[in-house]
Structure formats: structure tokens, C-alpha cells
Amino acid sequence: MKLRATVRDPIIPGTAKDRTGAGGILRRAGADIRRRFAALEREVLALFDRIPVYAINDLRGPEVRYGLAGDQLQNIAAELQATLARWIAEPGKSLDHLFWWDAYIDDASHLGTAQASANLAALSPAYAAARSLEAVLYSEPYRNRIATAKFKGYEHWTGLAAEQRAALAQVIGQAVADGLNPKAARKLIQERLEVGKAKALAYAQSDITDTLRMARLAEDDQAEAELGIRTGELWTSALIPTTRPWHASRNGKVYTREQVRAFYAERGNRYNCHCSVTTCLLDADGKPILTKKLQSTMANEKKAWQSRYDKG
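Residues numbered from 1 in each chain as written. Predicted model: local features only at pLDDT ≥ 70, side-chain atom pairs only at ≥ 80, totals over all residues. Heavy atoms only, no water.

1. Thoughts on the packing of aromatic side chains
Argument step 1. Tallied over the full model, the rule gives 15 aromatic pairs.
Argument step 2. An angle of 55° between the planes, with centres 5.9 Å apart, marks the rings of F48 and Y66 as tilted. With F48 in helix α1 (residues 23–49) and Y66 in strand β2 (residues 61–66), the pair connects residues that are 18 residues apart, well separated along the chain. Like F48, the residue Y66 is buried in the burial classification.
Argument step 3. Aromatic side chains W305 and Y309 sit 5.9 Å apart centroid to centroid with 45° between the ring planes, which places their arrangement in the tilted category. Here W305 and its partner Y309 are both found in helix α10 (residues 292–309), 4 residues apart, which amounts to about one turn of the helix.
Argument step 4. Its relative accessible area of 4% is what places W305 among the buried residues.
Argument step 5. Note on Y309: relative accessible area 29%, which makes it partly exposed.
Argument step 6. Three or more aromatic residues joined by ring pairs make a cluster, and in this case those are F99, W100, W101, Y104, Y154, W157 and Y203.
Argument step 7. Over the face of the ring belonging to Y264 we find R213, whose NZ or CZ atom lies 4.1 Å from the ring centre.
Argument step 8. Sitting over the face of the ring of Y271, R270 holds its NZ or CZ atom 4.9 Å from the ring centroid. (Phe/Tyr/Trp six-rings, centres within 6.5 Å; stacked < 30°, edge-to-face > 60°. Helix = DSSP H or I, 4+ residues; strand = E, 2+ residues; numbered from the N terminus. Buried < 20%, exposed > 50% of the residue type's maximum accessible area, 1.4 Å probe, protein only. Lys NZ or Arg CZ within 6 Å of the ring centre and 35° of its normal.)

And the structure:
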């Protein structure tokens, strides 16, 4: 009697709401960003409060004038830049990280690589025998990818700091020129900082999940190049209310790595995306090796999401 080979399904991390499994990293990054912006707000408001204010009464009612000359506004702008550098674009204090965001890049890349490594080891005895996670993490390709991701992150955060400095300097300068009531001016400053914080949180989510996904793809590339393991990428959609329909529709389908990268390079698909991909083995004909049970589960997940949220 001919024995049938056991079909092993890939390891899908997280849940349908957190397909990347990066929830813990995202929560830590979000808390860090909120802490930084809270400290930034305190310092910027304290800087504004140091500007002398004079109340003048005339027939039209009380007016406000600020005791700040034009050259002093330049000093304000310089202090703003120093404050923003301290909280958004500051160098890190750890010997392992030159910049505060580096730690999150390391965590996301490490997690994505560990997920890919564990999954491939479970699917392929050849991979399990040839590659260890420790060896991958110390390899030159891995270090190069990390360096590129960190440079991209540094460029973003320093750019955000410069954008915030210009916006806050404009708000403060306009308030002084218009004689705006200090309470109203403080509110405008806080609103501008809220905009910056929202941008920071959105970027953090996108960068962490994208770094994790790309780390998984990179390890799959290495496994195929070095060991000849034929694999595809099983799409695992984050089935939450904000998931875009064209993201949810991919749940359970298998793509090449080139197709996955192309998808995330267009239409802003990498932004605010919680989806992931999981390596699966391909047979001699290039078809994915998946159990009927997993295929049915993922198809039912997609149908349930579509019936609840996709009203288009």
C-alpha cells in the first residue's frame, strides 16, 4: 500500500486581527511616540509662555500685544528646532542604537525573520538542517537590510521634525503678529502637535509592519537561492473593519514574492496595512501545498468579512 505524504500547513502567526504578530511592537512604539509628543508639547508651550504679553484696553475692548521683536522670533525658531531634535530626531542613548527608532526596526526585522525561519524549518527538513536563526541574524545580507531600513527611518523622523518646526514657528509667529489671545494661541499649538502625532503614529504602524513583511520575504529569497526550496506566499489578510476590500480579497491566495512586493509598491498599499504573508511549499507543478482544512478556513474568513464589512 502506498503511503500518502503528510501535508504540513504553514505557521500563521498572530490572529485574523493581527496577521503580522507585531502587536506588541506596535503598542510599545505607540506608547513611546505619545510620550515623546507629550514632552514636546510641554516644552513648546513653556517656550511660548515665556513670551511677554501686554493687555491694552481701548474703545474696542482688550487687545493683546506680545513683547517680541522680529529677531527674537528667530531665537524662538532655533529653540523649537532644538526641542524637536530632542524628542523626535534625537540620537539614542543605547550603545546598540544610534537613533531611537532603530530599536523598533531591529525588533520588527528580527520578528519577521524569526517567523520565516521557524515556518521554513517546520516545512522543510533541508532548511532546518542548513540554516539557524542565529546564523541568519549575523549574516551580511541581514545586516545590510537592517542598515537600509534604519537609514529610511532616520530620514523620515528628521523630516517630520523639520516639518513640525516650520509649522509651529508659523503658528507662533502669526499669533504674535495678530495679537491672538494666548489661550487661543496655545490651542492652535496643541492642534498642530496633534497633527504631527497622528502622522507619527501612522508612519510607525506602516513602517513596523512593512519591515516585518519584507524581512519574511528576504529570508524566503535566501532559502530558495541557497537551498532550492520552492515556495510561494500565502496571503493572510487582517480582517478588521478598516481593511481595504482589495486587501481582504487576497486572503488565502498564494502569490510570488515579486507579486507581493509589487502590490506593496503601488496605491499606497503598504500604509496602514496589517496584512501579512506566510511561506508555503509548492509542488512540482508550482501549486501550493495546503490542507483542505486551511483552505476552507481562510475562504470562510474572507466570506465572513465581506458579508459584514464590504458593502460595495
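Moving on, there is more to tell.
2. Section: the side chain of S109
Argument step 1. With respect to the helices, strands and loops of the structure, S109 is situated in helix α3 (residues 102–123).
Argument step 2. We classify S109 as buried; its relative accessible area is 5%.
Argument step 3. For S109, the side chain forms a polar contact with the side chain of Y142, separated by 3.5 Å.
Argument step 4. If we skip the residues at most four places from it in the chain, S109 touches Y142, I146, T211 and A215. (Polar contact = N/O pair within 3.5 Å; in protein donor to acceptor, adjacent residues only side chain to side chain. Contact = heavy atoms within 4.5 Å.)

3. Focus on the pattern of salt bridges
Argument step 1. The tally for this structure, following the rule as stated, stands at 19 salt bridges.
Argument step 2. As a salt-bridge pair, E163 and K199 come within 2.5 Å of each other at their nearest N and O atoms. In this pair, E163 is assigned in helix α6 (residues 140–178) and K199 in helix α7 (residues 182–227), connecting sequence segments 36 residues apart.
Argument step 3. Here R257 ties to E233 by a salt bridge, and the two come within 3.2 Å at their closest N and O atoms. Here E233 lies in strand β3 (residues 231–236) and R257 lies in helix α9 (residues 257–264), a separation of 24 residues in the sequence. For the residue pair R257 and E233, the accessibility class agrees, reading buried in each case.
Argument step 4. One network of salt bridges, with partners in common, ties together D221, E224, E233, R257 and R261. (Salt bridge = Lys/Arg side-chain N within 4 Å of Asp/Glu carboxyl O.)

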